[in-house]
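A closer look at the structure
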Amino acid sequence: MTRREFLLFTTTLALGLLNGAGARVAGAAVAAAPALRCFNQREWATLDALAMVFWPAAAGRPDGRVVGVASACDRLFEGAHPGLQRELKLALWLWEWGPYLHGEWCSFGQLSMASRVRYAEHWRTSAIGLCRRVFVALQRLCAMVYHMQPATWQSMGYDGPWVGRLDVGLGLDSQGAVAVNPNPNVLSVWVGDGRQ
Amino acid sequence: MTKGVSGPEGLSALGADYAADLTLTTAVCVIGTGVGGAVLASELAEAGLRVVMLEKGGHYTRRDFNQREADMMPLLYADGGARTTRDGGIVLLHGESVGGGTTVNWGICFDPPADVLKVWGDRHGVDGIGFDVLKPYLGKVRHILNVQRIRAEEVNRNNRLLLSGARALGWHADTFEHNRTGCLQSGFCMLGCAYDRKQGMGITYVPRALHFGARLLPRAEVTGFVNEGNRVVGAAGVLTNSKNGRQFRLRVQAQAFVVAAGAIGTPALLRGAGIWDTGNQLGQNLCIHPTTALLALFDEAVRGHEGIHYSAYCGEFHDQGIVLEGMFAYPGLLGSALFRSGAEAQRILTRYNDAAIAIVLLHDDGRGSVMPGSDGRPVIDYVVSAGDQAKLRQGMKSLARLYFAAGASEVLIPHLEPVMLRSVQELDRIDTLSLRPNDLALFSAHQMGTAAMGADVDGSATDSDGRLHGWQNLYVCDGSLFPSSIGVNPQITIATLATRMGDRLTRILKGQTNGRA
């Protein structure tokens, strides 16, 4: 972490703590999360709002909230290493409280949609490496999880897995006896090239 | 020539249903069941040595592979596919289950490059590493994995476009060899083959090792070693019951210990356990084959997700350290790879079926390191050197040129600032792209070099046998051993080195015990 990034981090931390009380009050307005396994309700709400920034409603495809990006992220990282979970939570925390650094006296969750989009653009184009890193990590996560969900596949023209769709009809289902390794060499004794 | 032995053994009895602490005594303890560990374990067991294989990840078979990214990524990849370098700039994909990377790789086979082997011998002082010396070992590997050329009818349209673009420009291009047998072309290799056609370690060398008497413990994580002077006498770890999550203590005593946890896992485990080599080189020299992907849009359907994703390459720039390889990705991986392009990505992803994708893979001269982190996860640093940045630009320009020659209407560079090229006249835009960390989407599926073999104890971590400098009976057997990157997909080279190491280690161990081990 560079000195500049350290200052950014500590300033955000201080502003976040200073305004923690107000945020807790504001937290009541956050959309209710389902039972969570990895993230807390605030983190889930940040993810949910982020998914709407990256995947807003558009003709022909579902938005990030309809697809359930935040909950899918929560499930995806349920069993992840605690260190990875901590990193993600820290990134979400920085993102949530970062608006104070941009002159907004509120958290990300309290911004209007237009302000959220502008805010994301600040992070994407920032000269500070840590900001770009957080942006990239969160957008990559949201994009991956969004497209992993079957609800998005039709709009892309992706057919989805064979399992349970094509293979059963072809007699190739992975539960069936047909799926046996056809390689005849696996257990053979090699005596080629003078070796035995 | 082969001689058949008894039929395949079922794998169903290999679950991690531990109910008590476990202490084992064996001749060789192999930690990791990727291509290095599985091949070595099989070779040693076949030679009559007692072998225990420990695998940190779970043991999954075709019955578990449902071809859904959301389910498979957390099961089969380290950190669920979310592992990156410390600066977040490079995604590092590597497998973490029985079979390691071979459970999730694309099944591409390149023989060990003779020119690279020569450098390892001449410059790094590795003995017995010439191509001719390795040939018998390579032959056995190719036989067991049933390596063969991908047939023309197995090349999907995505890869045919790569071939046609290269040929239109007069560039060298060919199909890969692969280790699939009777491939059904479902295209889900990266999520585990649900039909047992890709010849990963989980259905080849691991059952082979078991057939010859080895023992496999999945969900067995080694956390430390017990040593007496420069000799390791035991490994300690944790067993996790895969059904109820209960954990038990594991102790293994052995004549020799082999760490085969991959170029990231091996140095992280050893250094985390307080073990390093004479010259303190363990964890240094990380090579990763930095890779980026370009996406090209065509006016007719490509449907790159159908068939074998990865079947052709352009080797025109191999001498310059650049290989262009056809590939494709499922929606989640593709979406995350294109993340930098924002709204442009959203538009393009609605044309998933019109998209062709290929990668630019570098034979890197950059270097990185792997060290254990305070929370138990490896800390990975890697800097893309100026030379490799130049190669990246050249590779992207070449691939974009190839795609336009094949008839592409647009080519996307996955950069933080959206770059959509519409003709060859725009290729120079690539020269001005910033390449700071996180600017360009970079990933690595090949990690190597962190326990490099060599004669110089101050410039390498292991000797020509793969033994850690300064230790009597502690070995490494995976891509960590490479003194440099190799410029092509490494699984066959690792398997060949592991077969060679099996020969050498058998002689060493049987010599110690007059043939009894």
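Just so we're clear, the structure is a prediction, and the values are computed from it rather than from any experiment.

**A closer look at the overall build of chain B**
If you tally the helices and strands in chain B, you get 11 helices and 22 strands. In summary, chain B has a C-alpha radius of gyration of 22 Å against a globular reference of 24 Å for 517 residues, a match within 12%. Buried residues in chain B amount to 60% of all 517 residues. Pairs at least 24 apart in sequence give 74% of the contacts found in chain B among residues at least 6 apart.

**Quick notes on the overall build of chain A**
Counting its secondary structure elements, chain A contains nine helices and one strand. Starting at the N terminus and ending at the C terminus, chain A contains elements arranged as α-α-α-α-α-α-α-α-α-β. For chain A, the residues scored as buried account for 35% of the 196 residues in total. A sequence separation of at least 24 residues applies to 58% of the contacts in chain A between residues at least 6 apart.

**Examining the environment of Leu54 of chain B**
All names here are of chain B. Take Leu54: it is sitting in strand β3 (residues 51-54). Once the C-alpha coordinates of Leu54 and Val104 are considered, the two residues, 50 residues apart in sequence, prove to be 19 Å apart. The contact partners of Leu54, leaving out residues within four places of it in the chain, are Cys29, Ile31, Leu217, Ala220, Val222 and Gly237.

**Digging into the interface of chain B and chain A**
In this complex, chain B contributes 60 residues to the contact, which on the side of chain A involves 51 residues. Those elements that provide at least two residues to the side of chain B that touches chain A are β1 (2-3), α2 (69-76), α4 (131-144), α6 (205-211) and α8 (331-337) of chain B. Looking at side-chain class alone, the side of chain B that touches chain A contains 23 nonpolar, 24 polar and 13 charged residues.

**Concerning the nonpolar core**
A general feature of soluble globular proteins is that nonpolar side chains tend to end up buried together. Val51, Val258 and Leu294 of chain B are the most contacted members of the largest nonpolar core, which totals 217 residues. If one sorts the elements of this core by residue count, helix α8 (residues 129-148) of chain A sits on top with 14 residues.

**Things to note about helix α1 (residues 35-46) of chain B**
Residue and element names in this part refer to chain B. Taking 1.5 Å as the rise per residue, α1 with 12 residues should run 16 Å; its terminal C-alpha atoms sit 16 Å apart, in good agreement. Of all 12 residues in α1, 11 are buried, a share of seventy percent or more. Listed in full, the buried residues belonging to α1 are Val35, Gly36, Gly37, Ala38, Val39, Leu40, Ala41, Ser42, Glu43, Leu44 and Ala45. In this fold, the buried residues of α1 make contact with β2 (22-31), β3, α6, β12 (247-259) and α11 (491-512). Count one or two residues on from α1 and you reach Gly48, which has phi positive near 95°.

**Here's the deal with the sheet that holds strand β5 (residues 108-109) of chain B**
All names here are of chain B. Here we have three strands laid out as an open sheet, ordered β5-β8-β6, and antiparallel in their pairing. Every interior strand has two partners, whereas the edge strands, β5 and β6 (148-149), have only one. Relative to strand β8 (residues 177-178), β6 runs antiparallel, the two being bridged by two bridges. Across the sheet, the residue bridging to Arg149 is Glu177, located in β8.

**What to know about unusual backbone geometry**
Here Gln185 of chain B, not a glycine, exhibits a phi torsion of approximately 60°, which is positive. Inspection of the secondary structure assignment puts Gln185 of chain B in the loop between β8 and α6.

**Examining the confidence of the model for chain A**
Across chain A, the average pLDDT comes to 83, with 75% of residues at 70 or higher. Within the model, the stretch residues 21-29 of chain A combines pLDDT values under 50 with four contacts to residues more than four positions away or in other chains.

**Some details on the pairing of strand β11 (residues 231-240) of chain B**
All names here are of chain B. When strand β10 (residues 220-228) meets β11, the two strands line up antiparallel, connected through eight bridges. Looking at the pairing, Asn227 lines up with Val232 of β11. From the end of β10 to the start of β11, which pair antiparallel, there are two residues, and Gly229 there has a positive phi angle of about 65°. The pairing of β11 with β12 spans seven bridges and is classified as antiparallel.

**Quick word on the packing of helix α6 (residues 82-97) of chain A against α8 of chain A**
Between two packed helices, both the angle of their axes relative to each other and the distance between the axes serve to describe the pair. Residues and elements named next belong to chain A. As a packed pair, α6 and α8 sit with axes 10 Å apart at the nearest point and diverge in direction by 110°. As the angle between them shows, α6 and α8 are arranged roughly perpendicular. Crossing angle aside, the handedness with which α6 passes α8 is left-handed. Across the interface between the two elements, Ala91, Leu94 and Trp95 of α6 pack against Val134, Ala137 and Leu138 of α8.

**Brief notes about the pairing of strand β13 (residues 291-297) of chain B**
All names here are of chain B. The buried count for β13 comes to six of seven residues, which makes it a mostly enclosed element. One ladder, built from seven bridges, connects β13 with strand β16 (residues 355-362); its direction is antiparallel. Across the sheet, residue Ala296 finds its bridge partner in β16, namely Ala356. Relative to strand β19 (residues 410-413), β13 runs antiparallel, the two sharing three bridges. The residue bridging Leu295 from the neighbouring strand is Leu412, located in β19.

**Describing the confidence of the model for chain B**
Reading predicted coordinates in detail is not appropriate for stretches of low pLDDT. Residue and element names in this part refer to chain B. Averaged over all residues, the pLDDT of chain B equals 93, while 95% of them reach at least 70. Low confidence marks residues 1-14, where pLDDT is under 50. Its contacts with residues over four positions away, or in another chain, come to 24 contacts. Model confidence for the complex is summarised by a pTM of 0.93, with the ipTM given as 0.91.

**Regarding the packing of helix α3 (residues 41-54) of chain A against α6 of chain A**
Residues and elements named next belong to chain A. Running from N to C, α3 and α6 point in directions that differ by 70°, and their axes come no closer than 10 Å. The pairing of α3 with α6 is recorded here as roughly perpendicular in orientation. The element α3 and its partner α6 pack so that their crossing is left-handed. Contacts between α3 and α6 pair Arg42, Glu43, Thr46 and Leu47 from the former with Lys89, Leu92, Trp95 and Glu96 from the latter. Looking at the contact of α3 with α6, its residues break down into three nonpolar, one polar and four charged.

**Quick look at helix α3 (residues 114-122) of chain B**
All names here are of chain B. Where α3 is concerned, the buried positions are Val116, Leu117 and Trp120. Around the axis of α3, the buried residues are gathered within 100° of arc, so they sit on the same side. α3 presents Ala114, Asp115 and Asp122 as exposed residues on the side facing more than 90 degrees away from its buried surface.

**Looking at the environment of Ala441 of chain B**
Within the fold, Ala441 of chain B resides in the loop between β20 (419-421) and β21 (442-444). As for Ala441 of chain B and Ser336 of chain B, which are separated by 105 residues in sequence, their C-alpha atoms are 9.1 Å apart.

**Topic: the environment of Arg142 of chain B**
Tracing the backbone shows Arg142 of chain B in helix α4. For the pair Arg142 of chain B and Glu325 of chain B, spaced 183 residues apart in the sequence, the C-alpha separation amounts to 22 Å.

Rules and cut-offs
Residues numbered from 1 in each chain as written. Chains lettered and ligands numbered in written order. Predicted model: local features only at pLDDT ≥ 70, side-chain atom pairs only at ≥ 80, totals over all residues. Helix = DSSP H or I, 4+ residues; strand = E, 2+ residues; numbered from the N terminus. Rg over C-alpha atoms; globule rule 2.2 N^0.38 Å. Buried ≥ 20, exposed ≤ 12 C-beta atoms within 10 Å, placed from the backbone. Contact = placed C-beta atoms within 7 Å. Nonpolar A, V, L, I, M, F, W, Y, C, P; charged D, E, K, R; others polar. Core = buried A, V, L, I, M, F, W, Y, C linked by C-beta atoms within 7 Å. Expected span 1.5 Å × (residues − 1). Pairing = 2+ DSSP bridges. pLDDT = per-residue confidence, 0-100. Axes fitted to C-alpha atoms, helices over the stretch in contact; angles between N-to-C directions. Parallel < 35°, antiparallel > 145°, perpendicular 65-115°, else oblique. Left-handed = near helix turned anticlockwise from the far one by under 90°. Arc of directions from axis to C-beta.

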